[in-house]
Amino acid sequence: MDASILLALRDPAGVPFYPVVFQALYVLTWALHAAFVLLALGSMGLSIVGTFKQKSDPIWKVMNPHLIQTGKISISILIVLGVAPLLFTQVIYDPNWYVANTLSGMWVFIFIYTLIVGYIMYYWYYYANKKIEGGGKLIGIISFAILVFAGILMHNFAVTSIMPNDWMQMYAPNGVVDTSGWTFNMEIIRLAFMVSLAVPVVGIFLQNYSRFLSTRADFSKEFVDYTASLGTKLGVVGLLISAVTFALWMLQIDYLLHPLSLAIVVGVVVLLLLVKQNKNSYITTGVLVVVALLISAMRELIRFDIMANLGYSIYEYPVNLEIPSIVMFLFTFLIMGGVGVAWLLTMAWKVGKNQGVFDGSKDVAVTKLGNYTLAIMVLWMVVYFGWGMFILFNNIL
Amino acid sequence: MDIIGQFPLFYFPEYGSAWMMGVTGTIHILASHTSVGAAMLFAFLAYKAYKENRTDLYPYMKKYGMFLLIFSYVIGSITGPGIWYTATAASPRGISALIHNFVWVWATEWVFFVYEVIGVFLLVYFIDKIDKKTHLKLTFSFALASVGTLALIIGIISFMMWPGTEAYYATGSASDAFFGTNTFPHMFLRIGFMIMLSGVIGLLISSAMRKENLELSNELTKKMGYISMLGGFLVLFFFMWYMGTLPDNAHAVFNVTKADVIQSRIILTIVFSLYFLLAVVKPQYIKTPLAGAMIFVILIAGIWPGEKLRESMRKPYVAGQYIYSNQIISRDVAGKGIKSELPIIAKKGLLQVNPFVPQNLKVITPENKLAAGELLTKMSCSNCHSLEKTGKYRPLKDRLVGMDKDGIKGILYAMGQGAFPYMPTLELPEDEYDAIAEYIASLKY
Ligand code: HEM
């Protein structure tokens, strides 16, 4: 693909804000998406192992339902977090995104139904396991496989989108146009690396889990110790696997000595040490977030370089500044999102730490955050309707 | 070089790729509208339970919440991106136009989604783990967030129909695009539908708890009957207003099938009025299978045709009345510096300006004429018509039946002149018209 075509594929409306902002938001939100993808896959996978131990082992008896529940919630969250990078990527990388989607149109359609079936089966697994200890093995395995397949489809879209030089060959092999939408591409090493991260992520999750429950009297010390050491084992082994696959991937695309790649290697080594010692897993989690951001940046760097080498730089995308809507976003994101989500998470944390019914109305932080959230939302509605009426009156009177 | 930003074409045989969107869209509408409606209903019930100290309502809310979680959130939150993904494959430039106009609106909606997705789990799982007052606040915030998502998406889908005023074309501003004359009627139409759906789903759940608590089941069934009636009334009321704010091309398409549409809507209204009346007068007659079947009726007889109609009425455009369904920008939008692509296409032809046409088809020759004609037909018509002899989606075979090459050419010329308000004004060079006509004629409809 030469530059003139790639540039023509940009939307003539331009971008409503500086491209670098979209790029940064993409890197940030994809890291969040990935974090929950990995937590979902990790806890699901581990819970399936657990179904075999749950009946006889008192620790797994308690832990496994929690793992299943974690998987369930994580899937919901990974979906909603996936929306954001989806949005930002197509603002600045139109050629890549739209070509990949049209070439893989059938897979796009299949992806959605794969997810629906996989997730509903996961609920089935959850209920089956709730009913009988160790139940739902087969359903669990199938739904896990289906959700992994959804990840492979995601990977196909990502990889196809960064192969601009092969697009023409995919669309019209030997000059015969193929509108069927069955294009499928894979890069095994990249995929293996991405998926392998599920193991250390669930390891670190278990360390956190153990730490969180250690203050609750209704969980035995034995339970707390076991989950911590299982987390450590998974974390260490998983990180080693991920490190190897990462190095292979970087070697394959010739980025191993790039500063960003080296930074990731250092990050992984630090993680390895932290996980091994397990002094404070909350700090480990912080480092994990940083490493996730670096990995997300690495993906973006690869794409950026491929496109820049062909003469497509997102930084040259024409900007049509659009102030009111970004103001709306920033205020909503920072104020409503910040306060609202803080309220929800504070509440969840306190309920989790509490035995029995938690009285939020007696908790100052929970009460205040709740009242603020409601007030902000009402105010938001007022501004929305006010703004809408102002615009409409202005335009039709 | 003269290139326009068209992408590779994805065509789903027989049904067309727009049909795939329709399927996902229909499911999504049921799930998403239920979820917003249910969030409002949930807030109402929680308020009642709290104020009147009706602890017996909480188990119902828990059941309802579980249903909401699994049905609306699992299905709704997947089919949401689902429509988006499929629309991207079927109509990349349509989606691109929306994204580039409204990215911050969507990003704002996303904040609400994040709030909702975390919130729904707390709402359901904390119902007996947290004090009632805090829980009540949670349900209120949840209802507000749900309505917020509607408030944000509604301007975007209304813009797909049309910007509502001329202002957008001059300013290119997202606010002008978002708040058209159509936006608010559309919003309240949907709120009515959401309220109705929340009642309809409520009937399913209240009827299912008859065994456990007969009295409560009957009381709730009655309530749900009233709520559904209220919603239904709002739907009818705002539908009138909504229709009045649609552009002319929408009415042109609507008129084609007006009689049928009105007839089927009258039947639906009567059937549902009777159903809701039954719930109010004889709640014990509302059995779970009936309640389930009625949801299905809404899906098949209400939403699916409604969506098809809305999609049709948008024709020939896919977004903002400046992009045709067949991926061509058809007018200038001065405020954004967008230029119509019709003149260059008329001059050079689609094969030349589309960057994904392979080299061997760029210039029409006697050898490649049929292949070029096929590609051109797919590019120009397949977004709105299926092409096969067995095609299902507004098939060309029914519209060009028995026509020879010259007859087809006549239609194409007329299209080039803009003779059909519901079809693109697609002017092409003579050799491209000829290739299309030859290809279509070769199919012998
Ligand atoms: C179980 C479901 C899912 C799994 C397992 C999954 C997994 C993944 C993986 C492994 C990647 C990285 C691919 C690569 O770089 O090779 C990815 C990327 C991505 N995912 Fe997901 N995902 C899921 C659902 C979703 C959903 C529902 C959305 C949208 C709402 C989404 C949006 C994205 C986006 C936008 C990217 C980046 C694509 C790019 O950069 O080209 N994902 N996902």
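Here the structure is a predicted model, which means the values were calculated and not measured. For every chain, the first residue of its written sequence is number 1, and the numbers climb from 1 along that sequence. As a convention, the first chain written is A and the first ligand written is 1, with the rest following in written order. Totals for whole chains, interfaces and linings use all residues, but because this is a predicted model, local features are given only for residues with pLDDT of at least 70 and pairs of side-chain atoms are given and counted only at 80 or more. By convention in this description, side-chain values take in all heavy atoms of the structure and omit both hydrogens and water.

1. Thoughts on helix α9 (residues 248–281) of chain B
All names here are of chain B. Numbering goes from the N terminus for both helices and strands, where a helix is a DSSP run of H or I of at least four residues and a strand is a run of E of at least two. To estimate how far a helix should reach, multiply one less than its number of residues by 1.5 Å. Its 34 residues place the ends of α9 only 43 Å apart at the C-alpha level, less than the 50 Å of an ideal helix rising 1.5 Å per residue. Type-normalised accessible area, obtained with a 1.4 Å probe on protein chains alone, sets the label of each residue: buried when under 20%, exposed when over 50%, and partly exposed for intermediate values. Restricting attention to buried positions, one finds in α9 the residues Asn-249, Ala-250, Val-253, Phe-254, Val-261, Leu-268, Phe-272, Tyr-275, Phe-276, Ala-279 and Val-280. We call two residues in contact when some of their heavy atoms are within 4.5 Å. Looking at the buried side of α9, the elements it contacts are α4 (132–161), α7 (183–208), α8 (214–244), α10 (288–313) and β1 (317–319).

2. Section: the packing of helix α1 (residues 17–51) of chain B against α4(B)
Two quantities define a packed helix pair, namely the angle between the axes and the distance from one axis to the other. All names here are of chain B. As a rule, the C-alpha atoms of each element are fitted with a line to give its axis, helices using only the stretch in contact, and angles between N-to-C directions run from 0 to 180 degrees. Remark: α1 packs on α4, axes separated minimally by 8 Å, with the N-to-C direction vectors making an angle of 155 degrees. Taken together, the axis directions place α1 and α4 in an arrangement best described as roughly antiparallel. Seen along the crossing, α1 lies across α4 with a hand that is left-handed. Contacts from Val-36, Ala-39, Met-40, Phe-42, Ala-43, Ala-46, Tyr-47 and Tyr-50 of α1 reach α4 at Lys-132, Lys-133, His-135, Leu-136, Thr-139, Phe-140, Phe-142, Ala-143, Ser-146, Val-147 and Thr-149. Gly is placed with the polar residues, together with every amino acid not listed as nonpolar (Ala, Val, Leu, Ile, Met, Phe, Trp, Tyr, Cys and Pro) or charged (Asp, Glu, Lys and Arg). Tallied by class, the residues present in the contact of α1 with α4 amount to 13 nonpolar, four polar and two charged. For classification purposes, angles smaller than 35 degrees are called roughly parallel, those larger than 145 roughly antiparallel, those between 65 and 115 roughly perpendicular, and all remaining angles oblique. Note on convention: near helix rotated counterclockwise from far helix by under a right angle means a left-handed crossing. Clockwise means right-handed.

3. Quick notes on the side chain of B:Thr88
Along the chain, B:Thr88 turns up in helix α2 (residues 57–90). Two N or O atoms form a polar contact when they lie within 3.5 Å of each other; inside protein one atom must be a possible hydrogen donor and the other a possible acceptor, and for residues adjacent in sequence the pair counts only when both atoms belong to side chains. Within polar-contact distance, the side chain of B:Thr88 engages the backbone oxygen of B:Trp84 at 2.5 Å. Not counting residues within four places of it along the chain, the set of residues in contact with B:Thr88 comprises A:Gln90, A:Trp97, A:Tyr98, A:Asn101, A:Thr102 and B:Ile95.

4. Some details on the interface of chain B and chain A
Between chain B and chain A, the contact holds 97 residues from the first and 109 residues from the second. A combined buried area of about 8,800 Å² lies between chain B and chain A, and 79% of that area is made up of carbon and sulfur atoms. When two parts are brought into contact, each loses some accessible area as probed by a 1.4 Å sphere; the total of that loss over both is the buried area. For chain B, the biggest contributors to the area lost against chain A are B:Tyr85, B:His100 and B:Trp104; these three give 11% of the whole. The interface formed by chain B and chain A contains 23 residue pairs in polar contact (both at pLDDT 80 or more). Counting only elements with at least two residues in the side of chain B that touches chain A, the list comes to α1, α2, α3 (92–125), α4, α6 (174–178), α7 and α13 (369–381) of chain B. For the side of chain B that touches chain A, the leading source of residues is α3(B), giving 25 residues. Split into classes, the residues belonging to the side of chain B that touches chain A amount to 66 nonpolar, 23 polar and eight charged.

5. Observations regarding the pattern of salt bridges
Salt bridges are defined by distance alone: a side-chain nitrogen of Lys or Arg within 4 Å of a carboxyl oxygen of Asp or Glu. On inspection of all chains with the given rule, the structure shows 26 salt bridges over all chains. Across the pair A:Lys362 and A:Asp359 runs a salt bridge whose closest N-O atoms are separated by 2.9 Å. On the basis of relative accessible area, A:Asp359 is assigned to the partly exposed category, the value being 29%. A network of salt bridges, in which partner residues are shared, links B:Lys369, B:Lys405, B:Lys409, B:Glu430, B:Asp434 and B:Glu438.

6. Here's the deal with the domain arrangement of chain A
Residue and element names in this part refer to chain A. Per the annotation, domain bounds derive from an automatic or database assignment of domains. Split into domains, chain A comes out as domain 1 (3–321) and domain 2 (323–397). Across the contact, eight residues belong to domain 1 and eight residues belong to domain 2. A buried area of about 820 Å², summed over both sides, lies between domain 1 and domain 2, and 68% of it is on carbon and sulfur atoms. By the criterion of area lost to domain 2, the three top residues of domain 1 are Phe-17, Phe-212 and Arg-216, representing 54% of everything that side buries. Applying the counting rule to domain 1 against domain 2 returns zero salt bridges. For the pair domain 1 and domain 2, the number of links is three residue pairs in polar contact (both at pLDDT 80 or more). Of the residues in the side of domain 1 that touches domain 2, the class split is five nonpolar, one polar and two charged.

7. Some points on the nonpolar core
Counting 271 residues, the largest nonpolar core has B:Phe102, B:Trp104 and B:Tyr322 as its most contacted members. The leading source of residues in this core is α3(B), at 23 residues. Once you skip the residues sitting within four places of it in the chain, B:Phe102 turns out to touch B:Ile156, B:Phe159, B:Ala174, B:Ala177 and B:Phe178. By convention a nonpolar core is built from buried Ala, Val, Leu, Ile, Met, Phe, Trp, Tyr and Cys residues, the set being connected through side-chain atoms within 4.5 Å. Core analysis: the next-biggest nonpolar cluster, separate from the first, contains 14 residues, A:Ile59, A:Met63, A:Leu206 and A:Leu230 among them.

8. So, the coordination of the iron atom of the ligand
Put simply, a metal with four donors set out as a tetrahedron has ideal angles of 109.5 degrees, and one with six donors set out as an octahedron has ideal angles of 90 or 180 degrees. Residue and element names in this part refer to chain A. Only His-33 (NE2) and Met-154 (SD) from the protein reach the iron atom of the ligand as donors, at distances of 2.2 Å. Only N, O and S atoms count as donors, using a 2.8 Å cut-off from the metal and 3.2 Å for Na, K and Ca, and because water is excluded some sites may appear unfinished. The rule is simple: four donors are tetrahedral if all their angles sit between 85 and 135 degrees, four are square planar and six octahedral if opposite donors span more than 155 degrees and the others lie between 65 and 115, and anything that fits none of that is irregular. Considering all six donor atoms around the iron atom of the ligand, angles at the metal cover 81 to 175 degrees and the coordination shape is octahedral. Residue His-33 is located in helix α2 (residues 19–51), and its partner Met-154 is located in helix α6 (residues 137–161); the two are separated by 121 residues in the primary sequence. Assessed through its relative accessible area of 10%, His-33 is described here as buried.

9. Overview of the packing of aromatic side chains
Working definition: an aromatic ring pair is given by the centre-to-centre distance plus the angle between the planes. Two aromatic rings from Phe, Tyr or Trp, using only the six-membered ring of Trp, form a pair when their centres are within 6.5 Å; if the ring planes differ by under 30 degrees the pair is stacked, by over 60 it is edge-to-face, and anything between is tilted. According to the stated counting rule, one finds 62 aromatic pairs over all chains in the structure shown. On the numbers, 6.2 Å between centres and 45 degrees between planes, the contact of A:Phe22 with A:Phe88 is tilted. Here the residue A:Phe22 occupies a position in helix α2, and A:Phe88 occupies one in helix α3 (residues 58–92), the gap between them amounting to 66 residues. Taken individually, A:Phe22 and A:Phe88 each receive the classification buried, so the pair is uniform in this respect. Three or more aromatic residues joined by ring pairs form one cluster here, namely A:Trp380, A:Tyr384, A:Phe385, B:Phe102, B:Phe112, B:Phe159, B:Tyr168, B:Tyr169, B:Phe178, B:Phe179, B:Phe184 and B:Tyr322. Ring-over charges, as used throughout, are those where CZ of Arg or NZ of Lys falls within 6 Å of the ring centre and within 35 degrees of the ring normal. Positioned above the aromatic ring of A:Tyr126 is the side chain of A:Lys72, whose terminal nitrogen or guanidinium carbon lies 3.5 Å from the ring centre. For the cation-ring pair, B:Arg331 lies above B:Tyr169, with the distance from its terminal atom to the ring centre recorded as 3.5 Å.

10. Description of the domain arrangement of chain B
Residues and elements named next belong to chain B. Looking at the assigned domains, one finds that chain B contains domain 1 (19–321) and domain 2 (341–442). Measuring from the centre of the C-alpha atoms in domain 1 to the corresponding centre in domain 2 gives 39 Å. Opposite the nine residues of domain 1 that make contact, domain 2 presents nine residues. At the boundary of domain 1 with domain 2, total buried surface from both sides reaches about 750 Å², with 53% on carbon and sulfur atoms. Interface area lost by domain 1 to domain 2 is led by Arg-93, Lys-315 and Pro-316, which between them contribute 46%. Where domain 1 packs against domain 2, one counts two salt bridges. In this structure, Glu-311 engages Arg-394 in a salt bridge whose closest nitrogen and oxygen atoms are separated by 3.5 Å. At the surface where domain 1 touches domain 2, the tally comes to five residue pairs in polar contact (both at pLDDT 80 or more).

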